[in-house]
Amino acid sequence: MLTTETQSSQTGRQYLPTETTAPNQSLLPLTAQVNPYDRLEVGGCDVQDLVNQWGSPLYILDEETLRTACRQYRDTLYSTYPGESQVIYASKAWSCLAVCAMVGSEGLGFDVVSGGEVYTTLQAGISPEDIYLHGNNKSAEELKYAYEQGCTIIIDNWLELHLLSEVATENNPAQIMLRLTPGIECHTHEYIRTGHIDSKFGFDPSQLPEVFTFLQKHPQLNLIGLHAHIGSQIFERQPHQDLGGVLVNWLQTALDYGFKPQILNVGGGLGMRYTEQDDPPSIKEWTQTVAQSVAKACEDQGLDYPKLICEPGRSLIGTACITAYTVGSRKVVPDIRTYIAVDGGMSDNPRPITYESVYRAVIANKMSAAANETVTVAGKHCESGDVVIPDARLPQTEAGDILVVMGTGAYNYSMASNYNRIGRPAAVVVNQGESYLIIERENYQDLLRKDRLPDRLVRKSQ
Ligand SMILES: *Cc1c(COP(=O)(O)O)cnc(C)c1O
């Protein structure tokens, strides 16, 4: 039994995963266990052994948790929505070949937001019909690339409508959807809120008549659906319940203009548990809400059920991954604070410094030790704000201990940088006692790969 404070809230409720747990409600990956050496195991692999083998810091991605999340989304949508449905993974949360391959093998499609994500997804073997290109400022090259590959393009603004209409032909029309701003408020961080009217994303719904008139004159653009996304890390179900009605109203308007869009995409945004205080609905609860709200709105208006798409990112992959760091130096500021530093920080996880995101940690080689110390876990970057976790409750630690931060699957690797010329960590997938390298650790040569030194700057030896 884990006794660290991170595993139980003030109410004493345990958050150890069980088989019925929704991945997005579990702090640790579903396969997490404490082995007889008092060490954390994930996917049947001892975390300390993984660090010994692959180095530190290390992203450790649990295949079972990721696949379980995919299946819960897919199966719930399939069983509760009366029409056709598809779950697509918002791959900006973590885009790399292995993640795309695993998610694709569960039958999910992909939401991508750049030419680079289109390329990654295609290289992972995903077929273009399952790829949807988003973004609020796609370049002409990105639009052309996605169109030529046969991906669906979610049009965000007038410029994109014009650019794509110049590239696409009537013989081979571009498959497009329209992104609209639904004007739905939800309580999440300002930077990750997208559904309110004052957002950089999407058309204002008042522009719909003009857009439809444009599309009527441009048969090279084939309108196949409508899309909205209201934000991220959302714990309320009401916004998505409201969204169903809003989307179906727009669908009705499109029908009135003579279009026959077959797809409604409700976006993603379901939250996940980073700390025991976080209380998101389960994947099943959220998916049922979405399915029922769209189905009911269609029934109320007497419309056929469109194909329903949802596109989760964070809640699909966030809790499937942990980051293992090695503890280094300690600084005691008497009567104020004790810092312990780890061998990574804002370059492998920029979320704390960007969004003040809060994480929880355990010491992987001291799982049953009582959490009797409050320390601030600092990163190793030259930035005072590079704090991984302020005021963490942890057992006594010493240099060499393995500190595991939980819930790092979403927007960690994908937002990682080389700040301070620190190479990005390796990532492994764990499954049934085996570990597989999916991203190589960056070494010093990698850091110089794109550097060029003009001859005139080369220092002559004296
Ligand atoms: C980011 C994003 C998502 C996924 O959001 P999550 O909160 O990670 O589920 C889905 N759709 C669009 C258009 C997005 O920009």
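Residues numbered from 1 in each chain as written. Predicted model: local features only at pLDDT ≥ 70, side-chain atom pairs only at ≥ 80, totals over all residues. Heavy atoms only, no water.

## Topic: the packing of helix α2 (residues 63–80) against helix α9 (residues 283–301)
- Where α2 meets α9, the closest approach of the two axes is 9 Å, and the angle between their N-to-C directions is 30 degrees. Here α2 and α9 pass one another in a crossing that is right-handed. Between α2, through Ala69, Gln72, Tyr73, Thr76, Leu77 and Thr80, and α9, the contact on the second element is made entirely by Ile283, Lys284, Trp286, Thr287, Gln288 and Ala291.
- Looking at the contact of α2 with α9 residue by residue, the class counts come to six nonpolar, five polar and one charged. (Axes fitted to C-alpha atoms, helices over the stretch in contact; angles between N-to-C directions. Helix = DSSP H or I, 4+ residues; strand = E, 2+ residues; numbered from the N terminus. Left-handed = near helix turned anticlockwise from the far one by under 90°. Contact = heavy atoms within 4.5 Å. Nonpolar A, V, L, I, M, F, W, Y, C, P; charged D, E, K, R; others polar.)

## A closer look at the sheet that holds strand β5 (residues 85–90)
- Reading around the circumference, β5-β6-β7-β8-β9-β10-β11-β12 is the order of the eight strands in this closed barrel, with parallel pairing throughout. The mean inter-strand angle of the sheet, taken between neighbouring strand axes irrespective of direction, is 30 degrees. (Pairing = 2+ DSSP bridges.)

## A few points about the pattern of salt bridges
- Overall, the coordinates contain 19 salt bridges when judged by the stated rule.
- For Asp279, the salt bridge is made with Arg273, and the minimal N-O distance between the two is 3.4 Å.
- Its relative accessible area of 52% is what places Asp279 among the exposed residues.
- A residue is classified by how much of its surface remains accessible, and Arg273, at 3% relative accessible area, is buried.
- With its nearest N and O atoms 3.4 Å apart, the salt bridge here joins Glu398 to Lys366. Placement of Glu398 in the loop between β17 (387–394) and β18 (402–406) and of Lys366 in the loop between β15 (361–363) and β16 (373–378) is noted, with a sequence separation of 32 residues between them.
- We classify Lys366 as buried; its relative accessible area is 17%. (Salt bridge = Lys/Arg side-chain N within 4 Å of Asp/Glu carboxyl O. Buried < 20%, exposed > 50% of the residue type's maximum accessible area, 1.4 Å probe, protein only.)

## Some points on the side chain of Glu117
- By the secondary structure assignment, Glu117 is in helix α4 (residues 115–123).
- A polar side-chain atom of Glu117 sits 3.5 Å from a polar atom in the side chain of Ser91.
- If sequence neighbours within four positions are ignored, Glu117 has contacts with Ser91, Lys92, Ser95, Asp111 and Val112. (Polar contact = N/O pair within 3.5 Å; in protein donor to acceptor, adjacent residues only side chain to side chain.)

## Quick look at the site of the ligand
- Near the ligand there are 15 residues, and of these Lys92, Ser232, Glu311, Arg314 and Tyr411 occur at the shortest range.
- In the model, a nitrogen atom of the ligand is placed 2.8 Å from a nitrogen or oxygen of the Glu311 side chain.
- If the ligand stood free it would expose 390 Å²; the protein chains cover 95% of that surface.
- Considered class by class, the residues forming the shell around the ligand number three nonpolar, seven polar and five charged. (Near = heavy atom within 4 Å. Areas by Shrake-Rupley, 256 points an atom, 1.4 Å probe, with all protein chains shown as cover.)

## Re the packing of aromatic side chains
- According to the stated counting rule, one finds eleven aromatic pairs in the structure shown.
- Consider the rings of Tyr73 and Trp286, whose centres lie 6.0 Å apart with planes at 80 degrees: the pair is edge-to-face. Taken together, the positions of Tyr73 in helix α2 and Trp286 in helix α9 put the pair 213 residues apart, joining distant regions of the chain.
- When its relative accessible area of 0% is taken as the criterion, Tyr73 is described as buried.
- Exposure remark for Trp286: the relative accessible area of 1% places this residue in the buried category.
- Arranged with centres 5.2 Å apart and planes meeting at 45 degrees, the rings of Phe212 and Tyr257 form a pair that is tilted. Of this pair, Phe212 sits in helix α7 (residues 208–216) while Tyr257 sits in the loop between α8 (238–256) and β11 (263–265), placing them 45 residues apart in sequence.
- The class of Tyr257 is partly exposed, set by a relative accessible area of 30%. (Phe/Tyr/Trp six-rings, centres within 6.5 Å; stacked < 30°, edge-to-face > 60°.)

## Description of the packing of α2 against helix α3 (residues 97–105)
- As a packed pair, α2 and α3 sit with axes 9 Å apart at the nearest point and diverge in direction by 45 degrees. Considering their axes alone, α2 and α3 lie oblique with respect to each other. The handedness of the crossing between α2 and α3 comes out as right-handed. Residues Glu63, Leu66, Arg67 and Cys70 of α2 pack against Met102, Val103 and Ser105 of α3.
- For the contact of α2 with α3, the residue count by class is four nonpolar, one polar and two charged. (Parallel < 35°, antiparallel > 145°, perpendicular 65-115°, else oblique.)

## With respect to the state of the cysteines
- Applying the stated criterion across every chain yields a total of zero disulfides.
- Here Cys151 is not disulfide-linked; the sulfur of Cys100 is the nearest cysteine sulfur, at 12 Å.
- The exposure class assigned to Cys151 is buried, which follows from its relative accessible area of 4%. (Disulfide = S-S within 2.5 Å.)

## A word on α7
- Of all the residues in α7, the buried ones are Leu208, Val211, Phe212, Phe214 and Leu215. When α7 is viewed along its axis, its buried side chains cluster within an angular range of 155 degrees and face the same direction.
- The inward-facing, buried residues of α7 abut α6 (158–167), β9 (174–179), β10 (221–227) and α8. (Arc of directions from axis to C-beta.)

## Here we look at the confidence of the model for the chain
- On average, residues of the chain score 94 in pLDDT, and 93% of them reach the 70 mark or higher.
- Predicted confidence in the chain is weakest over α8, with a mean pLDDT of 95, and strongest over strand β4 (residues 58–62), with 99.
- Note that residues 1–15 has pLDDT below 50 and, in this model, 41 contacts with residues that lie over four places away or in other chains. (pLDDT = per-residue confidence, 0-100.)

## Concerning the pairing of β16
- Taking burial as the measure, the six residues of β16 include five buried ones, the bulk of the element.
- Relative to β16, strand β14 (residues 337–342) runs parallel, the two sharing three bridges. Looking across to β16, one finds that Ala341 is bridged to Ala378.
- Taken together, the five bridges between β16 and β17 define a ladder with antiparallel strand orientation. Note on β17: the bridge partner recorded for Glu373 is Leu394.

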